[in-house]
Amino acid sequence: MRLRGAVGSLPKPMVPIGGRPLLWHIMKYYAHFGHREFVVCVGHQAGVIKDYFERTGHGWNVEFVDTPLDASIGERFYAVKDRLADEKIFLANYGDTVTDVPLPLLIDHHAEQGKVASLLAVRPNYTFNVVESEGPSVTGFHDVARTGIWINGGYFVFRADVFDYLEPGEDMPEMFERLIGADQLVSYAYEGFWAPMDTLKDKQNLESLVESGGSVWQVWERSGPAAASA
């Protein structure tokens with residue numbers, strides 16, 4: 001809704017950045033590291049998403065799963081449970097952020113921890129302040145980026161049994177709470193580049209990075225073996 005005035009009724013993952021949909025950037029990132037099989041949960045304007053990837057084609061195996069327009073993220077996630085039952089681990093993404101985190105390190109960290117689920121933790125880059133107070137008296141006023149807060153970056157590594165922690169009709173917070181209660185959720189803290197695409201300002205920021213050559217999330221543009229293993 002925060003982008004509606006600038007992009008019309010386009011689904012957020014299809015908002016163009018540098019002439020390509022945001023979702024393409026995310027999938028290109030995964031494909032760069034060798035992950036080229038995708039299951040895409042679609043709802044609002046599903047035909048727009050399907051048409052783009054069926055029409056353009058990028059050598060990826062893309063399967064689309066239709067979900068109700070009013071479905072929560074958790075309900076969309078649960079809809080692909082059967083398709084992932086035979087996977088030892090799989091990667092998941094909210095589809096609205098970009099990063100240059102070295103994906104092999106994220107996957108290796110998940111394996112080393114031996115847990116059901118792991119997520120990318122990042123520093124927020126939002127422009128708002130955190131207020132500290134004692135009763136009505138304000139005792140502190142800090143930019144959120146300097147508070148030491150980490151947030152969910154929207155990139156996940158899951159074992160297939162993660163669905164044991166999610167009931168039909170529930171959303172992702174309920175699943176995360178159960179995972180936390182069972183000590184089965186870990187985070188991979190990353191101080192490098194990460195950016196959301198929630199507002200017009202976010203879109204403009206990403207566009208300016210593309211135009212200035214600063215689109216560091218486009219890891220596929222780098223050369224040399226370090227690009228895939230750094």
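Residues numbered from 1 in each chain as written. Predicted model: local features only at pLDDT ≥ 70, side-chain atom pairs only at ≥ 80, totals over all residues. Heavy atoms only, no water.

### Some points on the overall build of the protein
Alright, step 1. Each helix and strand counted, the protein has 8 helices and 12 strands in total.
Alright, step 2. In summary, the protein has a C-alpha radius of gyration of 18 Å against a globular reference of 17 Å for 230 residues, a match within 12%.
Alright, step 3. Across the 230 residues of the protein, 43% fall into the buried class.
Alright, step 4. Long-range contacts, defined here as pairs at least 24 residues apart, represent 73% of the contacts in the protein between residues at least 6 apart. (Helix = DSSP H or I, 4+ residues; strand = E, 2+ residues; numbered from the N terminus. Rg over C-alpha atoms; globule rule 2.2 N^0.38 Å. Buried < 20%, exposed > 50% of the residue type's maximum accessible area, 1.4 Å probe, protein only. Contact = heavy atoms within 4.5 Å.)

### Points about the pattern of salt bridges
Alright, step 1. For the coordinates displayed, the defined rule picks out 11 salt bridges.
Alright, step 2. A salt bridge links Lys50 to Asp66; the shortest N-O distance between them is 2.9 Å. On the criterion of sequence distance, the pair formed by Lys50 in helix 3 (residues 46-56) and Asp66 in strand 4 (residues 61-66) is long-range, its members being 16 residues apart.
Alright, step 3. One salt bridge in this structure joins Arg222 and Asp100, with 3.5 Å as the shortest N-O distance. Of the two residues, Arg222 sits in the loop between helix 7 (200-212) and helix 8 (226-229) while Asp100 sits in the loop between strand 6 (97-99) and helix 5 (103-113), which places them 122 residues apart along the sequence. (Salt bridge = Lys/Arg side-chain N within 4 Å of Asp/Glu carboxyl O.)

### A closer look at helix 7
Alright, step 1. Taking 1.5 Å of rise per residue, the 13 residues of helix 7 would be expected to cover 18 Å, and the 18 Å separating its terminal C-alpha atoms lies within 8% of that figure.
Alright, step 2. Every buried residue of helix 7 is listed here: Asp202, Lys203, Leu206, Glu207 and Leu209. Considered in projection along helix 7, the buried side chains sweep an arc of 160° and stay on one side of the axis. Exposed side chains of helix 7 directed beyond 90 degrees from the buried face belong to Lys201, Glu211 and Ser212.
Alright, step 3. At the exit of helix 7 stands Gly213, carrying a positive phi of roughly 80°. (Expected span 1.5 Å × (residues − 1). Arc of directions from axis to C-beta.)

### Some words on the nonpolar core
Alright, step 1. Ranked by internal contacts, the top residues of the largest apolar core, which has 41 residues, are Tyr29, Ile49, Phe53, Val98, Leu120, Leu206 and Trp217.
Alright, step 2. If one sorts the elements of this core by residue count, helix 2 (residues 22-32) sits on top with 8 residues.
Alright, step 3. With residues near it in sequence (within four places) discarded, Val98 still touches Leu22, His25, Ile26, Tyr155, Phe193, Trp194, Ala195, Leu206 and Trp217.
Alright, step 4. Of all hydrophobic cores here, the second largest spans 21 residues; its members include Val80, Phe163, Leu166 and Met175. (Core = buried A, V, L, I, M, F, W, Y, C linked by side-chain atoms within 4.5 Å.)

### Some points on the side chain of His25
Alright, step 1. Relative to the helices and strands, His25 is located in helix 2.
Alright, step 2. Once residues lying within four places of it in the same chain are set aside, the contact partners of His25 are Ile17, Arg20, Val98, Trp217, Gln218 and Trp220.

### Thoughts on helix 6 (residues 172-181)
Alright, step 1. Buried within helix 6 we find Met172, Met175, Phe176 and Leu179. For helix 6, the angular spread of buried residues about the axis comes to 95°, placing them on one side. The exposed set on the far side of helix 6, more than 90 degrees from its buried face, consists of Glu177 and Gly181.
Alright, step 2. Elements that come into contact with the buried residues of helix 6 comprise helix 4 (73-78), strand 7 (117-122), strand 10 (151-159) and strand 11 (185-190).

### Quick look at the pairing of strand 3 (residues 37-42)
Alright, step 1. Going residue by residue along strand 3, you find Phe38, Val40 and Val42 tucked away on one face and Glu37, Val39 and Cys41 left uncovered on the opposite face.
Alright, step 2. Across 6 bridges, the pairing between strand 3 and strand 4 is parallel. In the strand pairing of strand 4, Phe38 is matched with Val62.
Alright, step 3. Crossover handedness for the path strand 3 to helix 3 to strand 4: right-handed. (Pairing = 2+ DSSP bridges. Right-handed = clockwise from strand over helix to strand, strands pointing away.)

Function cannot be inferred from these measures alone, as they are strictly geometric.
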